[in-house]
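# Structural characterization, general
Here is what each chain is made of, one letter per residue.
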Amino acid sequence: MELADIVKCNRLIIPVFVHVNPVDVQKQEGTFGSLLPGFTDRLGAERVNEWKEALRVAGNAPGFTLDDDRNEAELIRKVVKKISLQLRFYDEGMRRDLNGRERKTAEPSSSSLPSRTIDKPRFDVFLSFSGKDTWKGFTGHIYNALIQRGISTFIDSKELERGERIEELFNYIEASKIFVPVLSKEYADSRWCLREITKRVECGRLIIPIFLGVPPAHVRRQEGPFGVAFQWHKSCNIVGEEDLNKWKEALRAVGEIKGYKLQNNTNGNEAELIRMVVKQISLKLELPLDDEGMKRDLNGREQKTAEPSSSSLPSRTIDKPRFDVFLSFSGKDTRKGFTGHLYNALIQRGISTFIDSKELEMGERIEKLFNYIEASKIFVPVLSKGYAHSSWCLREITKMVECGRLIITIFFDVDPRDVRKQSGPFELDKGNDGVGEEDLSKWKVALGAVGKISGYSLQNDTNGNEADLIQNVVEQISSKLNKNAWPFTEHLVGMDSHIDKMYRLLDLTDKEVKMIGIVDGRRRKDDHCHCCSSQATFIF
């Protein structure tokens, strides 16, 4: 009865789901379905229907779930913080900005946004996605890449306030210049996603679709997983025929748009696909891009370079490390996914990183690879299930242990005990061609040593969220290398193009001393110098 009265008041609802599934509340299933029929005989169908409608509304409102936040004290802290934000009592008006940082703000809370269309876009990009199959992977990576590029991006897990309804979400869609739906196999399972994409089609603004493991024809015709999802929505009797038809029409329209296909455009390489999408969005937003014919430098910017090719490294041990990080990984397991994203994140932070697909020349042998290991300051083995199947990986990790430098291990869906004891996927087969007993013994010792190192575990440290794990690893490496970004550079807009010009003038590959004069009436000379020097420290 209380909940029904609360819903009638039409005020903000912040539900807390304590050991119950929000879907059970929304659809009156489980314990919420078994108890209601008993009240019908006593109180009448009309009263019970009011309760069902109230449960449906509360179940639809974004709230807090104890199953997701297992620490009750931490959950309570989050609820209190949310309520304080709504009442504007939290930390003297501290709010989360578009990049996820806390800042002071006098902006109205999102719940006070008007329900009309917002004329001036507040966000550059709105990301629409199914959280259960892409948030911990692809969507998390593309969000981080967009933010790194300085592109303000709406993502509901970071921007949408708890308790806000679909109307507030529509305001953010209208307030965005570009709409990017990540069309995965479970996208159409979410009514929120279908409402988002329908609203955007109605707005008539730019849509850049990403077909992640689904062909555009399935989206356009509602076939495959999209067809199954619509059959389920229809059988639930929660959505009317009119809404279903609107969703189908919206998907047909989006399926006709030329977008990005994971398999067709990049042969399944997620990191490369994200790079292409971010570049296209930058073009649409008229952000400064790099000149043609420029080569990507270690900071992820394009620049002309006269560095010697990797094949010109001497065969002896190199005293001064040339790379900050050496990435060791199983290509068939992680190259197109996790390792590609990690490499890009390191490069964007200005950390020079060796990865064999980028640095190793065709025809070079294992001895040359050892030179690159010796030429690196930090070793990062990505220990996946296929890692021990590669003799190259095993030789690399053995060499790393012999060098005695810092090793930061990443246990990618593997148990450190399996690495330490060479069990499970790390059980070594003595029958491998060309592998002697001596090599096997060395590999076992190396794996045993690495398995004892306290590293990062995908499941234990970030609950399977790849993007969060990468951020943690990059932060630790930056700290070890003393390469934390200059504290204010990420807040400065339009610096990239100026830094690019500075690099081209300096031509850091030339060993001659140069002096450049900077004339700037806006007193931003110090900013240019600090940005350029802090991002080029790896060269010196």
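Reference entry: report on the structure contained in this document. Model, not experiment: these values are computed from the prediction.

## With respect to the pattern of salt bridges
By the definition in use, this model includes twelve salt bridges. A salt bridge links glutamate 242 to lysine 246, with the nearest nitrogen and oxygen atoms 3.9 Å apart. Within this pair, glutamate 242 and its partner lysine 246 are both found in helix H13 (residues 241-255), separated by four residues, close to a single helical turn. A residue is classified by how much of its surface remains accessible, and glutamate 242, at 58% relative accessible area, is exposed. Residue lysine 246 is classed as partly exposed on the basis of its relative accessible area of 38%.

## Focus on the packing of helix H12 (residues 225-236) against H13
One way to put it is that H12 packs onto H13 with a least axis distance of 11 Å and a crossing angle of 165 degrees. Our classification of the angle between H12 and H13 gives roughly antiparallel. When you trace H12 past H13, the crossing you get is right-handed. Packed against H12, whose contacting residues are Phe226, Phe230, His233 and Lys234, the element H13 presents Glu241, Leu244, Trp247, Lys248 and Leu251 at the interface.

## Quick look at the packing of helix H17 (residues 338-348) against helix H24 (residues 466-481)
Axis separation between H17 and H24 bottoms out at 10 Å; the angle between their running directions is 40 degrees. Comparing their axes, H24 and H17 come out oblique. As for how H17 packs across H24, the hand of that crossing is right-handed. On H24, the residues touching Phe338, His341, Leu342, Ala345 and Leu346 of H17 are Glu466, Leu469, Ile470, Val473, Val474 and Ile477.

## A word on the side chain of glutamate 396
Locating glutamate 396 in the fold gives a position in helix H20 (residues 391-403). The side chain of glutamate 396 is buried and forms no salt bridge, while arginine 335, the nearest opposite charge, is found at 8.5 Å. Residues in contact with glutamate 396, not counting those within four places in the same chain, are Phe326, Ser328, Phe329, Leu369 and Ile373.

Cut-off values and rules
- Residues numbered from 1 in each chain as written.
- Predicted model: local features only at pLDDT ≥ 70, side-chain atom pairs only at ≥ 80, totals over all residues.
- Heavy atoms only, no water.
- Salt bridge = Lys/Arg side-chain N within 4 Å of Asp/Glu carboxyl O.
- Helix = DSSP H or I, 4+ residues; strand = E, 2+ residues; numbered from the N terminus.
- Buried < 20%, exposed > 50% of the residue type's maximum accessible area, 1.4 Å probe, protein only.
- Axes fitted to C-alpha atoms, helices over the stretch in contact; angles between N-to-C directions.
- Parallel < 35°, antiparallel > 145°, perpendicular 65-115°, else oblique.
- Left-handed = near helix turned anticlockwise from the far one by under 90°.
- Contact = heavy atoms within 4.5 Å.
- Lys, Arg positive; Asp, Glu negative; His and termini not counted.

Just distances and angles here, no functional claims.
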